Amino acid sequence: MLRLLRMIGLGFLLAAGVTALVGPPGAGWWGVPIGLILVILTSVLLSIARTTGGLAAAPPELVQAALAAGRTGTARIDALRQTGTRINDQPVCVLELTVQPRHGAAFRTRLQDIVPLTDMPAHQPGIRRPVALLLEGEPDLQFVDGQVPPAAVQDVPPASEAIPLRLPQPGPLRADGTRMRPLISTSRRGRPLRALAFTLVMLLTAGLLLLPQRAAVEQTLAALPEGRLHLDLRSPDGIDAALRAVQEGAGHDRVMDVVIMEDLIVVDAPVAAGEVNTDEWTYRRGHLERTGPTLIQPDVAQEQFAAGDVAWETLWPAARQAAAEQGLEDPGDVSFSVSRDLAEDGEWTGPVLVRFSVGDEYTETFYVMEADGTGLRAA
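First things first, this report covers the structure right here in the doc. (Residues numbered from 1 in each chain as written. Predicted model: local features only at pLDDT ≥ 70, side-chain atom pairs only at ≥ 80, totals over all residues. Heavy atoms only, no water.)

**Points about the overall build of the chain**
The secondary structure content of the chain amounts to seven helices and 15 strands. For 379 residues, the compact-globule formula gives about 21 Å, and the C-alpha radius of gyration of the chain, at 37 Å, lies well above that figure. Summarising its shape, the C-alpha atoms of the chain cover approximately 120 × 45 × 35 Å along the three principal directions. For the chain, the residues scored as buried account for 39% of the 379 residues in total. (Helix = DSSP H or I, 4+ residues; strand = E, 2+ residues; numbered from the N terminus. Rg over C-alpha atoms; globule rule 2.2 N^0.38 Å. Buried < 20%, exposed > 50% of the residue type's maximum accessible area, 1.4 Å probe, protein only.)

Structural data, given as structure tokens:
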């Protein structure tokens, strides 16, 4: 479970990183503290678990059942070494043992346990101590000093003899003799499956967290073949995505003014079709935001026009044509403004025009063209 939580934390960090890379400025950072807390906390707990994993005392019922069945033996301590870990100021030690069961062949094993400093003399190499063999045919054991007669302590063959090493299986024992096992095997054989499961958990977590940014991710994937990290919003695809998002947000397709830049589109749209009150919408990296009422409100509703009345696909080719006329290789960071022109009565109710400028650090030329992409001319 701790490993799964750690992978969930990594999923938070992965989603935060992707969102910061492809999403709008400031997006996704909320996932960083959550991910870091999960990763750091679970890593610490896993480290503690690895250190104390073999320290759980056997259930008393299991020990008593072993004694009643006569599954006892004698363990000689062959080596004692401290792990460097202390619990309640008492050292955690690894004991290397040679065990002679009351019935059966001797075997060697290892036991990790907390050895209080006051008990160090009873754990020195060469000391023989009675043990209960908790499971039939398994090397799991528990010291049972004082629970068997002294005469039951047997001789133990030397460790130098060819005595097999037997280690307990992973997982603490329950009172009924069964083991608590992880959902996925922690053995070497289970590593590929474990790695696959943990990776899927991380990717699933990241995927769920990235759902609100799916438009930004899709746009980045579309822009990568062009060597870009983000979609150029001046392209037909970028303009279409922004206007569709505004139409869904506003509930209609009427607009007052549209400003199109490489990484930002600003749309002034009425609160409702035919109304004068107008809000400002901004679209950046797949994210639409309603920023509130426009600074300058229109005078009449006739300033509105339908977004579908503009041939948006002609904007970028027109900018390239204008740049060629100026002897430039490309339009550079050109931006477009689309709105109505002045009418004869002085109101902004004339034809819908597209305005932009191209130039270099020395000169700049302003251009105008009709909404249908015709009539490109220098202003």
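The rest of the description comes next.
**Digging into the side chain of Asp 257**
Within the secondary structure layout, Asp 257 lies in strand E7 (residues 257–260). In this structure, Asp 257 is buried with no salt-bridge partner, the nearest side chain bearing the opposite charge being Arg 355 at 6.3 Å. Not counting residues within four places of it along the chain, the set of residues in contact with Asp 257 comprises Val 266, Val 267, Asp 268, Ser 337, Val 338 and Ser 339. (Lys, Arg positive; Asp, Glu negative; His and termini not counted. Salt bridge = Lys/Arg side-chain N within 4 Å of Asp/Glu carboxyl O. Contact = heavy atoms within 4.5 Å.)

**As for the sheet that holds strand E5 (residues 141–143)**
Read from one edge to the other, the open sheet built from five strands follows the order E3-E2-E1-E4-E5, with strand pairing classed as antiparallel. In this open sheet, the two strands that pair with only one neighbour each are strand E3 (107–114) and E5. Between one strand axis and the next, the sheet turns by 40 degrees as a mean value, whatever way the strands run. Sheet analysis places strand E1 (residues 72–87) next to strand E4 (residues 128–133), joined by five bridges and oriented antiparallel. Across the sheet, Thr 72 pairs through a bridge with Ala 132, a residue of E4. Contacts from helix H3 (residues 60–68) reach E1, E4 and E5 within the one sheet, and its direction differs from that of E4 by about 100 degrees. (Pairing = 2+ DSSP bridges. Axes fitted to C-alpha atoms, helices over the stretch in contact; angles between N-to-C directions.)

**Remarks on the packing of aromatic side chains**
Counted according to the given criterion, the structure contains three aromatic pairs. Clustering of aromatic rings is evident, with ring pairs tying together Phe 336, Phe 356 and Tyr 367. Above the ring of Phe 143, the side-chain terminus of Arg 129 is found at 4.0 Å from the ring centroid. Between Arg 166 and the ring centre of Phe 107, over which it is positioned, the NZ or CZ distance is 5.1 Å. (Phe/Tyr/Trp six-rings, centres within 6.5 Å; stacked < 30°, edge-to-face > 60°. Lys NZ or Arg CZ within 6 Å of the ring centre and 35° of its normal.)

**Brief notes about helix H6 (residues 236–250)**
Here H6 is 15 residues long and its end C-alpha atoms lie 21 Å apart, about the 21 Å a rise of 1.5 Å per residue gives. For H6, the full list of buried residues reads Gly 238, Ile 239, Ala 241, Ala 242, Leu 243, Ala 245, Val 246 and Ala 250. The inward-facing, buried residues of H6 abut helix H5 (214–223), E7, strand E8 (265–270), strand E9 (278–284), strand E10 (287–293) and helix H7 (315–325). Directly beyond the C-terminal end of H6, a positive phi value near 85 degrees is found at Gly 251. (Expected span 1.5 Å × (residues − 1).)

**A few points about the sheet that holds strand E13 (residues 352–359)**
In spatial order, the strands read E10-E9-E8-E7-E12-E13-E14-E15; together these eight strands make up an open sheet with antiparallel pairing. The sheet terminates laterally at E10 and strand E15 (377–378), the two strands that pair on one side only. Two strands pair when backbone bridges link them, and strand E12 (residues 336–340) and E13 are joined in this way by five bridges, in the antiparallel orientation. In the sheet register, Val 338 faces E13, and the bridge partner there is Val 354. Docked against the sheet, H7 engages E7, E12, E13 and strand E14 (364–370), running at close to 40 degrees with respect to E13.

**Some details on H3**
For H3, the full list of buried residues reads Leu 62, Val 63, Ala 66 and Leu 67. Summarising the axial view, the buried residues of H3 lie within an arc of 135 degrees, below the 170-degree limit, and thus occupy one face. Along H3, the residues that are exposed and aim more than 90 degrees away from the buried face are Pro 60 and Ala 68. The elements touched by buried residues of H3 are E1, E4 and E5. Gly 70 sits one or two residues past H3 and shows a positive phi near 80 degrees. (Arc of directions from axis to C-beta.)

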